[in-house]
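Results of the structural survey
Listed below are the residues making up each chain.
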Amino acid sequence: MHLPEPEPARLAKREAVVRALRALLPADAVLHTADDLLPYECDGLFAYKQRPMAVVLPRGTAEVAAVLKLLHAQGMPVVPWGAGTGLSGGALPLADGVTLSLQRMNRIIELDLENRCARVQCGVTNLRITQAVQHAGFYYAPDPSSQIACTIGGNVAENSGGVHCLKYGVTTNNLLGAEVVLADGEVVRVGGKALDDAGYDLLGILTGSEGLLGIVTEVTVRLLRKPESVRALLAVFPSVEAAGQAVADVIGAGMVPAGMEIMDRLAIEAAEGYAHAGYPVGVAAILLIEHDGPEAEVEHLIARTTALCKGAGATEVRVSACDEERLRFWAGRKAAFPAMGRLSPDYVCMDGTIPRAALPKVLARIGELSRQYGLRVANVFHAGDGNLHPLVLYDSSQPGELDRAERFGADILRLCVDVGGVLTGEHGVGIEKRDLMAYQFGENDLAAMERVKCSFDPESLLNPGKVHPELHRCAELGRIHIHGGKLPHPELERF
């Protein structure tokens, strides 16, 4: 049994590590006072908070490597931090650990339009990549709702998607290469500018690994040409189930829209009040569908899609008359999460993925669970690929509501698995879904995942306490060492 250090020894070690970090980096790159650490106490899963021992802000790969080498020698755990927009607690700090903030690594290193790629530091925001190349008619396809703030390094860690992932894929489909610093400070490069790379798919295994295998410091992403024409339609339905049927009809007709999103009544009203996108209020559901490509093809697809929506029961179909109106359609959807503050002081954003055919059954069951737990839920989801984002609304000032919200959310995720889906689509596992992993995966599956972790990080110093429901010693994999609890201790586990 690995016992925590006595308190005096623990405090002395903390102080020594902070001194060593201040000797290694510029003075303004090491934060350790209580006030300075406050902004880093949680990510977008704000139900859990814990101030780290210290925060370091390197400006380049060399400084990241030096920090990891130092902390590895001290046996000190490290939690990577992008922009703090993650929704699964993947960046929740450790009280006896260092948070490695990559926000200052925000340089665009190279724009290679001839090869249709860009090489950028990990702290560059998602939207900034498109802004840097749109003058030449290019863009970066993955577009999470938080794209104005989330960083490309965080996107790689969570394998983020966005409203256009149906046609253009998620981060892993648009990533060509990465520079990664391993737990002991070794710097490695995987992939590059080529469309494919020989050997093991290390880039694939690092993408979506949530900072457990290495710290991504630089990425090379694929750029796409802007399509000739882009049109969107907004269809109004008398029920969410009818909107879901329209999605099935469009996909069944052989079309692959650039994006398909459904919002229910609560989500519509919150988004409209916040973003003023022109959504109809008081309706049961809206479906947003976007087509892009050659102009003649887009006109044909919009006409077919309109007919299919009306056939599925749409009471109104609006087609964007200009690009400004199209962007307004999407502005409301992308504002859905922050808009929930108009309805509730707190919410938990779930992230399960299901087969499209299971949508009516799942939505009906979510409604039953809402009544069972006495909590409202707003449904927003990437309808084309079945990635659900039910927003469970609660008030943390009311005793017991957070616990009910968490149990409600866990039931939604189990439901997703029960119908043939998975626990997450793009938000990651973090701590939120950590203790549900055994519901989807068997013992052998979980052990295989841990062996991958051990091969990259034998001392389990990178983002410990996340993803894996049980932590084993790498040297004795298969023998339980530390159990994860129902909910994370504020310090997770001490190492």
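Here's a quick rundown of the structure.

What counts and what doesn't
- By convention here, each chain's residues receive numbers from 1 onward along its written sequence.
- Only residues with pLDDT of 70 or above have their local features reported here, since the model is predicted, and side-chain atom pairs are shown and tallied only from 80 upward, although totals for entire chains, interfaces and linings are computed over all residues.
- Hydrogen atoms and water are omitted, and side-chain values are computed over all heavy atoms in the structure.
- Two aromatic rings from Phe, Tyr or Trp, using only the six-membered ring of Trp, form a pair when their centres are within 6.5 Å; if the ring planes differ by under 30 degrees the pair is stacked, by over 60 it is edge-to-face, and anything between is tilted.
- Only runs of H or I of at least four residues qualify as helices and only runs of E of at least two qualify as strands under DSSP, and these elements are numbered from the N terminus.
- Summary of the burial criterion: residues with accessible area below 20% of their type's maximum are buried, those above 50% are exposed, and those between are partly exposed, where the area comes from a 1.4 Å probe applied to protein chains only.
- Salt bridges are identified by distance alone: a Lys or Arg side-chain nitrogen within 4 Å of an Asp or Glu carboxyl oxygen.
- Being paired, for any two strands, means DSSP has found at least two bridges between them.
- Each axis is a line fitted through C-alpha atoms, and for a helix only the stretch in contact is used; angles between axes span 0 to 180 degrees, taken between their N-to-C directions.
- We call two residues contacting when some pair of their heavy atoms lies within 4.5 Å.
- Throughout, the term roughly parallel applies to angles under 35 degrees, roughly antiparallel to angles over 145, roughly perpendicular to angles from 65 to 115, and oblique to all others.
- By the definition used in this description, the sense in which the near helix is turned from the far one sets the handedness, with an anticlockwise turn below a right angle giving left-handed and a clockwise turn giving right-handed.
- Residue polarity follows a fixed list, in which Ala, Val, Leu, Ile, Met, Phe, Trp, Tyr, Cys and Pro are nonpolar, Asp, Glu, Lys and Arg are charged, and the others, Gly among them, are polar.
- In this description, a nonpolar core means a group of buried Ala, Val, Leu, Ile, Met, Phe, Trp, Tyr and Cys residues linked to one another through side-chain atoms lying within 4.5 Å.

Going through the model one piece at a time under the given rule, you end up with 4 aromatic pairs. Here the aromatic rings of phenylalanine 46 and tyrosine 347 are separated by 6.2 Å at their centres, their planes lie at 85°, and the arrangement is edge-to-face. Placement of phenylalanine 46 in the loop between α2 (34-37) and β2 (54-56) and of tyrosine 347 in strand β16 (residues 346-349) is noted, with a sequence separation of 301 residues between them. Seen in terms of ring centroids, tyrosine 373 and phenylalanine 408 are 5.4 Å apart; in terms of plane orientation they differ by 10°. Their pairing is stacked. Of this pair, tyrosine 373 sits in helix α13 (residues 359-373) while phenylalanine 408 sits in helix α14 (residues 401-418), and the two are 35 residues apart along the sequence. Residue phenylalanine 408 is classed as buried on the basis of its relative accessible area, which comes to 0%.

Glancing now at the pattern of salt bridges. Scanning the model with the defined rule gives 24 salt bridges in all. Of the charged contacts, one joins arginine 189 and glutamate 218 as a salt bridge, the two residues approaching to 3.0 Å between their closest N and O atoms. Note that arginine 189 is positioned in strand β9 (residues 187-191) and glutamate 218 in strand β10 (residues 215-222), a separation of 29 residues in sequence. Note that aspartate 403 and arginine 407 form a salt bridge whose closest N and O atoms lie 2.9 Å from each other. Pair noted here: aspartate 403 and arginine 407 are both in helix α14, with a separation of 4 residues, about one helical turn.

Ordered in space as β5-β6-β10-β8-β9, the 5 strands form an open sheet in which the pairing is antiparallel. The outermost strands of the open sheet, each flanked by one partner alone, are β5 (108-112) and β9. For this sheet, the mean angle separating the axes of adjacent strands, direction not counted, is 10°. Each of β8 (175-181), β9 and β10 touches helix α3 (residues 61-74); the most contacted strand, β8, lies at about 45° to it.

Let us now look at the pairing of β9. Look at any regular strand and the pattern is simple: side chains alternate between the two faces of the sheet. Of the pairings in the sheet, the one linking β8 to β9 comprises 5 bridges and is antiparallel in character. Note that in β9 the partner of alanine 178 across the bridge is valine 190.

The next thing to look at is the packing of helix α8 (residues 240-252) against α13. Between α8 and α13, the shortest axis-to-axis distance is 9 Å and the interhelical angle comes to 160°. Compared by their axis directions, α8 and α13 come out roughly antiparallel. As for the relative orientation of α8 and α13, their crossing is right-handed in sense. For the pair α8 and α13, contact is made by Val240, Glu241 and Gly244 and by Leu359, Pro360, Leu363 and Ala364, respectively. The residue makeup of the contact of α8 with α13, split by class, is 5 nonpolar, 1 polar and 1 charged.

Core analysis: the biggest nonpolar cluster contains 56 residues, and Phe237, Ile262, Leu287, Cys309 and Phe408 have the highest contact counts within it. Considering each element in turn, this core owes the most residues, 8 residues, to α14. What leucine 287 contacts, discounting residues up to four positions off in sequence, is Leu233, Leu234, Ala235, Phe237, Ala243, Ala246, Val247, Glu261, Ile262 and Cys309. The next biggest cluster of nonpolar side chains, apart from the first, holds 28 residues, and it includes Met263, Ile268, Leu288 and Trp330.

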